[in-house]
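The chain contents come next:
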Amino acid sequence: PPRTAGPDHGLALVARDRRFLAFVALMTGYWFVGVQINISFPLWAERLTGSTDSVGVMFALSAGLTVALQYSLVNAVGRWLQPPAMLVCGVAIMTAGAAVTAFATQFGVFLAGVATFALGAILTRPSQQTIIADMADPRALGTFLGVSSLSLAVGGSVANIAGGWFADPARAPYGA
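Draft legend 1. Spotlight on the overall build of the chain. Scanning the chain from N- to C-terminus turns up seven helices and zero strands. In sequence order, the chain lays out its α and β elements as α-α-α-α-α-α-α. Among the 176 residues that make up the chain, the fraction classed as buried is 36%. Of the contacts made within the chain by residues no fewer than 6 positions apart, 78% connect residues no fewer than 24 positions apart. Within the structure as shown, the chain displays about 9,900 Å² of accessible surface, and the carbon and sulfur contribution to it stands at 68%.

Rendered as structure tokens:
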């Protein structure tokens, strides 16, 4: 039977692809922002309203927008932008939404930031996956996809630590 290449072959292909590794490193920053909806946003929603029910409202808004708009928005924007440009626009929109939530003092403004963030996320996730698949060597697609997940592992971990760390002082009353 023919001998197949082992896992080290795929890792060697990834290690030689500096462009792909640079993309993975850049995506660490994307995931830093992207996972804030899981830690910082819920903490801020509860702080603004004094109720954990607001966290459910926040997630319902984000999920509802994603379900309602994912296909049509990506299709419409995809007519004008290639995946790399769509990714950049999506990250910029997500960052703007995160900034609005960070400075919100009213729950309605906070939800506007969440909606903006969700719209950016709708654009980034499919374009990110398309870019990774396009950059990957077809002989080691699984390895490239696996290594690309390191950006989520590193960026998400740092983001969760930072989000919790920043949320602790934010719990203090205004002016304290």
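Draft legend 2. Up close: helix 3 (residues 40-49). Among the residues of helix 3, Phe-41, Pro-42, Trp-44 and Ala-45 are the ones counted as buried. Each buried residue of helix 3 lies within a common arc of 165 degrees when the element is viewed along its axis, so the set occupies one face. After helix 3 finishes, the residue Gly-50 shows a positive phi value of roughly 75 degrees.

Draft legend 3. Local environment of the nonpolar core. Core analysis: the largest hydrophobic core is formed by 33 residues, its most contacted members being Phe-20, Phe-23, Phe-41, Met-58, Phe-110, Phe-117 and Phe-144. Here the element with the most residues in this core is helix 6 (residues 107-135); it accounts for eight residues.

Draft legend 4. Local environment of the layout of surface pockets. Size it by volume and the second largest pocket reaches roughly 260 Å³. Secondary-structure elements contributing two or more residues to the lining of the second largest pocket are helix 2 (18-34), helix 5 (83-103) and helix 6. At five residues, the largest contribution of residues to the lining of the second largest pocket is made by helix 2.

Draft legend 5. A look at the packing of aromatic side chains. With the rule as written, the count across this model stands at five aromatic pairs. Between the aromatic rings of Phe-107 and Phe-110, the centroid separation amounts to 5.8 Å while the plane-to-plane angle is 15 degrees, which identifies the pairing as stacked. Of this pair, Phe-107 and Phe-110 are both found in helix 6, three residues apart, which corresponds to roughly one turn of the helix. An aromatic cluster of three or more residues is present, and its members are Phe-41, Phe-107, Phe-110 and Phe-117.

Draft legend 6. Representation of the packing of helix 3 against helix 6. One way to put it is that helix 3 packs onto helix 6 with a least axis distance of 10 Å and a crossing angle of 160 degrees. Accordingly, the angle class assigned to the pair helix 3 and helix 6 is roughly antiparallel. Read as a crossing pair, helix 3 and helix 6 show a hand that is left-handed. Of the residues in helix 6, those in contact with Phe-41, Trp-44, Ala-45, Leu-48 and Thr-49 of helix 3 are Phe-107, Phe-110, Val-114 and Phe-117.

Draft legend 7. Here's a closer look at a nonpolar patch on the surface. A cluster of nonpolar side chains, contributed by Phe-32, Val-154 and Val-158, occupies part of the molecular surface with about 230 Å² of accessible area. Structurally, Phe-32 is set in helix 2. Accessibility expressed as a relative area gives 31% for Phe-32, which makes it partly exposed.

Draft legend 8. Geometry of the side chain of Ser-151. Following the sequence through the fold, Ser-151 ends up in helix 7 (residues 141-170). Given a relative accessible area of 1%, Ser-151 falls into the buried group. The contacts of Ser-151, once residues within four sequence positions are left out, are Val-24, Met-27, Thr-28, Trp-31 and Gly-156.

Draft legend 9. Examining the pattern of salt bridges more closely. One pass over the structure, following the stated rule, counts one salt bridge. The residue Asp-137 makes a salt bridge to Arg-139 at a minimum N-O spacing of 2.6 Å. A residue is classified by how much of its surface remains accessible, and Arg-139, at 59% relative accessible area, is exposed.

Draft legend 10. How the structure looks around the side chain of Ser-148. You can see Ser-148 is positioned in helix 7. A relative accessible area of 8% places Ser-148 in the buried class. If near-sequence neighbours (up to four positions away) are discounted, Ser-148 is found in contact with Phe-20, Val-24 and Ile-132.

Parameters and conventions
Residues numbered from 1 in each chain as written. Predicted model: local features only at pLDDT ≥ 70, side-chain atom pairs only at ≥ 80, totals over all residues. Heavy atoms only, no water. Helix = DSSP H or I, 4+ residues; strand = E, 2+ residues; numbered from the N terminus. Buried < 20%, exposed > 50% of the residue type's maximum accessible area, 1.4 Å probe, protein only. Contact = heavy atoms within 4.5 Å. Areas by Shrake-Rupley, 256 points an atom, 1.4 Å probe, with all protein chains shown as cover. Arc of directions from axis to C-beta. Core = buried A, V, L, I, M, F, W, Y, C linked by side-chain atoms within 4.5 Å. 1 Å grid on protein atoms, 1.4 Å probe; cavity = no way out; pocket = protein on both sides within 12 Å on 5 of 7 lines; lining within 4 Å. Points joined across faces, edges and corners; volume = space filled by probe spheres on them. Phe/Tyr/Trp six-rings, centres within 6.5 Å; stacked < 30°, edge-to-face > 60°. Axes fitted to C-alpha atoms, helices over the stretch in contact; angles between N-to-C directions. Parallel < 35°, antiparallel > 145°, perpendicular 65-115°, else oblique. Left-handed = near helix turned anticlockwise from the far one by under 90°. Patch = residues over 30% accessible without salt bridge, like charges linked within 9 Å, V, L, I, M, F, W, Y side chains within 5 Å. Salt bridge = Lys/Arg side-chain N within 4 Å of Asp/Glu carboxyl O.

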